[in-house]
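# Structure at a glance
Chain by chain, the residues run as shown.
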Amino acid sequence: MAEIIDGKKISQDIKDEVKEQVAKLNEEGVTVTLAVILVGKDPASSVYVNNKKKACEYTGIRSLSYELPEDTTEEELLSLIDQLNQAENVDGILVQLPLPKQIDEDRVIHRISPDKDVDGFHPESVGRLSIGERGFVSCTPAGIIELLKRSNVVIDGSECVVIGRSNIVGKPMAILLIRENGTVTVCHSHTKDLKEVTRRADILVVAIGKPKMIDGSYIKEGATVIDVGIHRTGEGNKLCGDCDYDSVAAVAGKITPVPGGVGPMTIAMLMVNTLEASRMHRGK
């Protein structure tokens with residue numbers, strides 16, 4: 001049976017480290033600040049935003065909350081982002097996605113200053129990541145790298161397979177694994193003989209968006225499996241991932257659970273990015 005990679009514990013360790021660094025900045029008269037914008041009343045988004053506020057409170061990061069009505073226009077949202085871009089006392093800006101249908105998400109992402117883009121979604125942030133320059137990395141892939149390193153999983157020289165090629169997880173995940181000297185294959189809906197590819201993986205990152213799609217037959221014995229998916233299915237509306245946990249855990253060497261694996265890391269890395277933004281703004 002696979003060893004469980006405890007995302008709750010590792011994320012807590014990271015938040016404690018951020019808390020310590022934020023306290024030191026406070027002693028220097030610096031207040032690290034994150035602005036969070038929520039448009040509408042999407043229940044899942046409200047939960048995420050609330051969790052982000054709690055993480056800010058724990059780490060000592062000041063959180064500015066902007067909760068806008070569902071019928072907010074695109075221009076109104078862009079105007080608020082412009083104000084926050086100019087605000088000297090704001091280090092990071094986060095706009096919770098998805099947005100209501102009248103607002104173009106791409107325009108919003110592009111409007112956030114790359115120097116305050118703590119979600120790591122701006123094209124300039126992605127470009128910096130691609131060529132190895134300092135900048136912000138999308139929080140979920142960054143969190144996965146921390147999960148691997150802090151669980152003593154060797155990336156250097158390992159065969160790494162990422163299932164999924166989204167801009168938020170799959171693509172940046174592949175770049176980060178390459179940066180750590182992994183040999184990386186990215187699989188997607190057009191990949192032929194998916195099982196043949198995934199069975200080569202020492203490290204398998206599953207971000208395909210389909211509940212329980214990956215079972216033990218896709219896994220190389222002893223591999224490390226990172227499950228990015230989160231779904232509610234079946235009787236009792238229980239949470240599950242993109243992997244059939246029991247089947248995969250019987251073959252894998254290490255595995256992240258759902259919940260309690262990748263999810264907590266995303267918010268922890270948002271705190272890391274916000275701290276990094278504050279340092280960058282002060283030339284550190």
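Okay, so let's go over this structure.

The rules behind each value
- Residues numbered from 1 in each chain as written.
- Predicted model: local features only at pLDDT ≥ 70, side-chain atom pairs only at ≥ 80, totals over all residues.
- Heavy atoms only, no water.
- Helix = DSSP H or I, 4+ residues; strand = E, 2+ residues; numbered from the N terminus.
- Rg over C-alpha atoms; globule rule 2.2 N^0.38 Å.
- Buried < 20%, exposed > 50% of the residue type's maximum accessible area, 1.4 Å probe, protein only.
- Contact = heavy atoms within 4.5 Å.
- Areas by Shrake-Rupley, 256 points an atom, 1.4 Å probe, with all protein chains shown as cover.
- Lys, Arg positive; Asp, Glu negative; His and termini not counted.
- Charge placed at Lys NZ, Arg CZ, Asp CG, Glu CD.
- Axes fitted to C-alpha atoms, helices over the stretch in contact; angles between N-to-C directions.
- Parallel < 35°, antiparallel > 145°, perpendicular 65-115°, else oblique.
- Nonpolar A, V, L, I, M, F, W, Y, C, P; charged D, E, K, R; others polar.
- Pairing = 2+ DSSP bridges.
- Core = buried A, V, L, I, M, F, W, Y, C linked by side-chain atoms within 4.5 Å.
- Expected span 1.5 Å × (residues − 1).
- Arc of directions from axis to C-beta.
- Disulfide = S-S within 2.5 Å.

## Here's the deal with the overall build of the chain
A count of helical and extended segments in the chain gives 10 helices and 11 strands. The C-alpha atoms of the chain give a radius of gyration of 19 Å, which matches the 19 Å a tight globule of 284 residues would have. Over its C-alpha atoms, taken along the principal directions, the chain stretches across nearly 50 × 40 × 35 Å. Here the chain holds 284 residues, and the buried ones make up 49% of them. A separation of at least 24 residues holds for 71% of the contacts in the chain among residues at least 6 apart in sequence. When the accessible area of the chain is evaluated, it comes to approximately 13,500 Å², of which 49% is carbon and sulfur surface. Placing the 34 positive and 42 negative side-chain charges of the chain at their respective mean positions leaves the two points 2 Å apart.

## A closer look at the packing of helix α1 (residues 7–27) against helix α2 (residues 43–59)
Viewed as axis vectors pointing N to C, α1 and α2 meet at an angle of 50°, and their least axial separation amounts to 8 Å. One element, α1, and the other, α2, form an angle in the oblique class. Touching Gln12, Lys15, Asp16, Val18, Lys19 and Val22 of α1 are Ala55, Tyr58 and Thr59, all from α2. Among the residues forming the contact of α1 with α2, the class breakdown is four nonpolar, two polar and three charged.

## Examining the sheet that holds strand β3 (residues 62–68)
Taken in spatial order, the three strands of this open sheet run β3-β2-β4, and their pairing is parallel. The outermost strands of the open sheet, each flanked by one partner alone, are β3 and β4 (92–95). Neighbour-to-neighbour, the strand axes of this sheet turn through a mean angle of 15°, independent of strand direction. Sheet topology note: the strand β2 (residues 33–39)/β3 ladder contains seven bridges and is parallel. Counterpart to valine 39 in the pairing with β3 is leucine 68. Its contacts with the sheet place helix α3 (residues 74–86) against β2, β3 and β4, and it is angled at close to 180° to β2.

## Brief notes about the nonpolar core
By size, the foremost hydrophobic cluster in this structure holds 49 residues, and its most contacted members are Leu34, Ile61, Ile144, Leu148, Leu177, Val205 and Met271. Put simply, the parts of the chain that give this core at least two residues each are α1, β2, α2, α6 (139–150), β5 (159–163), α7 (170–179), β7 (203–206) and α10 (262–281). No other element matches α10, which puts 10 residues into this core. The contacts of isoleucine 144, once residues within four sequence positions are left out, are Met173, Val205, Ile226, Val228 and Val262. Val197, Ala223, Val248 and Ile255 belong to the second-largest nonpolar core, a separate cluster that totals 19 residues.

## Brief notes about α3
Look at α3: 19 Å from first C-alpha to last across 13 residues, which is about the 18 Å you get at 1.5 Å a residue. Buried positions along α3 lie against β2, β3, β4 and α4 (105–111).

## A word on the pairing of strand β8 (residues 224–227)
Residue alternation in β8 divides its side chains into two sets, Thr224 and Ile226 and Val225 and Asp227, and both sets are buried. The sheet contact formed by β7 and β8 spans four bridges and is parallel. The partner of valine 206 across the bridge, within β8, is aspartate 227. Inspection of the sheet shows β8 paired to strand β11 (residues 254–255) by two bridges, in the parallel sense. Counterpart to valine 225 in the pairing with β11 is isoleucine 255.

## Here we look at α2
With 17 residues, α2 should cover 24 Å at 1.5 Å per step; its first-to-last C-alpha distance of 25 Å lies within 8% of that length. Turning to α2, its buried residues number three or more, namely Ser45, Val49, Lys52, Ala55, Cys56 and Thr59. Looking down the long axis of α2, one finds its buried residues gathered within 115° of arc, a one-sided arrangement. Turned more than 90 degrees from where α2 packs its buried face, Pro43, Lys54 and Glu57 sit exposed. Of the surrounding elements, those touching the buried residues of α2 are α1, β2, β3, β4 and α10. Backbone geometry just after α2 places glycine 60 at a positive phi near 90°.

## Considering the state of the cysteines
Per the counting criterion, the structure on display carries zero disulfides. Residue cysteine 56 stays outside any disulfide, its sulfur separated by 11 Å from that of cysteine 139, the closest cysteine. Cysteine 56 sits in the buried class, given a relative accessible area of 0%. Note on cysteine 160: no disulfide assigned, nearest cysteine sulfur contributed by cysteine 187 at a separation of 12 Å. On the basis of relative accessible area, cysteine 160 is assigned to the buried category, the value being 0%.

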